[in-house]
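These are the residues of each chain, in order.
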Amino acid sequence: MRLPSRSLTFLPALLLLSASLSAQTYTLKAPIASKPALLISIGQSADVEMVKVLLDRSKLDYKADPQVKAGGLAASGAKTLIIAIGGSSKGLGAAGISADAELDRAKVLLAEAKKLGLKIIGIHVGGEARRGELSDKFILATVASCDYVIVVAEGNADGLFTKLCAAAKIPLDSVEKITKAGDPLFKAFK
Amino acid sequence: MNRIIVIGIALSGAVSVAFGQAVPANLHTRGAQGANGVVATAKPDSAQVGIDILKKGGNAVDAAVAIGFAQGVLEPNANGLGGGGFITIKLVGKDPIVIDFREMAPIASKPDMFKYSEDGKTQLPAKRTDSTASAIVGPGSQVGGLASGVPGDVAGLLYALENYGSVAQKTGKTMTRQAVMQPAVDWAMKVPVTSNLAGAIKDNFDKIKQFPAAASLYLKDGLPYDIGDTIQNPDLQATLKAIQADGAKAFYEGPIAAAVVSEVLAQGGILSLADMRGYKVEARKPVTGTYRNYTIISTPPASSGGTHIIQLLNILENFDMKSYGQNTAKSLQLWGEAMRLVYADRAQFMADTAFVKVPLTGLTSKAYAKDLAALIALDKVMPTPVAPGDPSKYESGSTTSFSVMDKDGNMVACTKSINYFFGSGVVIPGTGIVMNNHMDDFVLKPGSVNSVEPKKRPLSSMSPTLVLDPQGRSFMTLGAAGATRIITAVAQIISDVVDHGMSIQAAISAPRIYRTNTSDYNVEGRIPVSTTNGLTALGHKLLFQDDYSPSQGVSQGCLYDYATKTLYAGADPRRDGQGVAY
């Protein structure tokens, strides 16, 4: 049956609605990660310091090495990689690394982590302030390699994390505030 | 076919929602217009402060000073009592003046005061006097006590009020220091945490948490505030009340000064009570030039800004910018090449003229600009830099700028700063004062015209600028935040208004470019693809930024349309800018 022409004006809305409904969000159903953990940064934003605060409060057994390279993973003894994802030109400048070089580091590091059998938890706590051209590059480069992702909701307002995690069937937990992010992070560990 | 097009639009809409960049809130309501007075600042609340002062009969300077103190409370990451800046004033019938309240290097400063690693590459941190405390992390010129110059904010704002406010000008009686500072006093207990402030706190979390006084003020339970929270700063309120009651000496002498010196020393600095007592505002003749018969009035050294804005526009005046169009490949080829030449000169010549002879007349001359323009071609890129460049300094969109204009033609533009967001990270306990890190604006090793010397002012790019129309009438006030991007932002906005007939708001919102003699060619995301393709074809290597990038300068301005007798305010959506009018 040929649709009346007026129906065509509703088609975009229907398509957007069906797209949003099919983008499921996953909640982690059981712990997946083992200790000790290694906290790193991809993007070199100050968010890694906030995640440190969360980890310290949860008394999780971890070390931090924001700029670790692939070659340092095995020596770290970590069984789980916690990645504070978020780009900062200030942070990259302070670390003496370009955005492209950081992306290269991320690529090699994530491949090595997979090879070593590390669980990878991605966490984005920077909210809306940690989105944009620079940060999104690191998000796109990192999320698909994660086994679990935690995001502060404001940083997922456009549904980017939802879509990326749904496409790769990665469990995603969204929290309202940074202070709430410590709980799912802690519970992800056995 | 229609169905295919609709499906395609829907899908592309879904994709752009998924991967598109954030559009600033209230994008189309930043500007304002009115018949009596306009104000444009980086925060809606401080803009309202300014308009309220104008409505109560204050003049443009009263309003600007009220905004200045309020802005220090409302945007504490970018300016405040611990910082410095410049104000450019033109009252009707009077000559323009620039009030230079830039920070001064402490008396104990030396050209080699910042220490480096053995290989000379890494700057070492400042050392706390309490050896049991954790070490400061970060370069000494940026983090900790050694990074601070003697603040000029209080001295500068009060100098402006006491010499150019309505009471001083005998045009009013009510805008006393008490009246003008009261809004800041009130706001100190209810600072809104906007998206912008929340982001600034997050981005500087590692610096803030190093200093307990800063952490207690700008973190909530050890983590950044959330958007929508309110920060209470009773210490800052008390400090403002003391200044309100007793004037500048309440800051530069007595217990507040003692507290500033004590904490800066404790955090590895070299500030002294003599530095605080000896701080001096400089009232300077502006640097002036013309662009297509419009008069440009702007800041002389210790700011490089005014000189180089005029120089940049002088170069482009040799080209028919109007015919090339706004943000086309041709016009941006010219802008980009001109910027390279200007920044090469800035690196070579610019410094505090109290210490160094700077060829201001030559730099702002039309003849020199014509020689430079002859080096620029529409169809090819100049070879490598023509002069040794400054090290390409990382800088965020720090600093704040605001403009005031009234129906009589009185104009004030002010730009002030604590340098990097949250300055040195040092907050003076009990006072709420965030200290600047403007020592970082010096060349940090000996041998440059801009090397550190006692009492010298570090080179700035701040450029609060006034423009007169070809008839010599008050036309536009303009300023920007963003370090060296200030120069290029202000120049592009002037051209957008003068060459392309844009409104002040459209000109401020328009996408911009930025480059120096050594940097990448930075291009804001909204520059048309046809333009960026054309620039790439010429051989430029472009670095794309967000669609609304604070790294392109953040500007506020006012303009008067004589045809309609309307004042317009334009404010930048790249941060929390807002215009208000009545």
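Here the structure is a predicted model, which means the values were calculated and not measured.

A tally of helices and strands in chain B yields 20 helices and 23 strands. The C-alpha radius of gyration of chain B comes to 23 Å, within 12% of the 25 Å expected for a compact globule of 582 residues. Once the C-alpha set of chain B is aligned to its principal axes, its extents read approximately 70 × 60 × 60 Å. Here chain B, with 582 residues, has 62% of them falling under the buried criterion. Long-range pairs, those at least 24 residues apart, make up 72% of the contacts in chain B between residues at least 6 apart in sequence. Summed over its atoms, the accessible surface of chain B is roughly 20300 Å², and 55% of this surface lies on carbon and sulfur atoms.

This part takes up the packing of helix H2 (residues 44–55) of chain B against helix H3 (residues 60–74) of chain B. For any two helices packed against each other, the geometry comes down to the angle between their axes and how far apart the axes lie. All names here are of chain B. Their axes nearest at 8 Å, the elements H2 and H3 cross at an angle of 155 degrees. Between H2 and H3, the interaxial angle falls into the category roughly antiparallel. By crossing handedness, the relation of H2 to H3 is classed as right-handed. Packed against H2, whose contacting residues are Asp-45, Ser-46, Val-49, Gly-50, Ile-53 and Leu-54, the element H3 presents Ala-60, Asp-62, Ala-63, Ala-66, Ile-67, Ala-70, Gln-71 and Leu-74 at the interface. In the contact of H2 with H3, the residues fall into nine nonpolar, three polar and two charged.

So, on to the confidence of the model for chain B. All names here are of chain B. The pLDDT averaged across chain B works out to 91; a share of 94% of its residues lies at or above 70. With pLDDT under 50 throughout, residues 1–20 is counted as low confidence; its partners more than four residues away or in other chains account for 23 contacts. Counted against residues more than four places away or in other chains, residues 388–397, with its pLDDT under 50, gives 31 contacts. Reported confidences for the modelled complex are a pTM of 0.88 and an ipTM of 0.79.

This part is about the pattern of salt bridges. Residues and elements named next belong to chain B. As enumerated under the stated definition, the model contains 35 salt bridges over all chains in all. Salt-bridge contacts for Lys-220 lead to Asp-226; the nearest nitrogen and oxygen are separated by 3.3 Å. Classification of Lys-220 as partly exposed rests on a relative accessible area of 28%. The exposure class of Asp-226 is buried, given its relative accessible area of 14%.

All names here are of chain A. Within the sequence span of helix H7 (residues 133–142), burial applies to Ser-135, Asp-136, Phe-138, Ile-139 and Thr-142. Here the buried residues of H7 occupy an arc of 160 degrees about the axis, which is enough to place them on one side. For H7, the secondary structure elements touched by its buried residues are strand E1 (37–42), strand E3 (80–85), helix H5 (89–95), helix H6 (99–116), strand E4 (119–124) and helix H8 (160–168).

Criteria and thresholds
- Residues numbered from 1 in each chain as written.
- Chains lettered and ligands numbered in written order.
- Predicted model: local features only at pLDDT ≥ 70, side-chain atom pairs only at ≥ 80, totals over all residues.
- Heavy atoms only, no water.
- Helix = DSSP H or I, 4+ residues; strand = E, 2+ residues; numbered from the N terminus.
- Rg over C-alpha atoms; globule rule 2.2 N^0.38 Å.
- Buried < 20%, exposed > 50% of the residue type's maximum accessible area, 1.4 Å probe, protein only.
- Contact = heavy atoms within 4.5 Å.
- Areas by Shrake-Rupley, 256 points an atom, 1.4 Å probe, with all protein chains shown as cover.
- Axes fitted to C-alpha atoms, helices over the stretch in contact; angles between N-to-C directions.
- Parallel < 35°, antiparallel > 145°, perpendicular 65-115°, else oblique.
- Left-handed = near helix turned anticlockwise from the far one by under 90°.
- Nonpolar A, V, L, I, M, F, W, Y, C, P; charged D, E, K, R; others polar.
- pLDDT = per-residue confidence, 0-100.
- Salt bridge = Lys/Arg side-chain N within 4 Å of Asp/Glu carboxyl O.
- Arc of directions from axis to C-beta.

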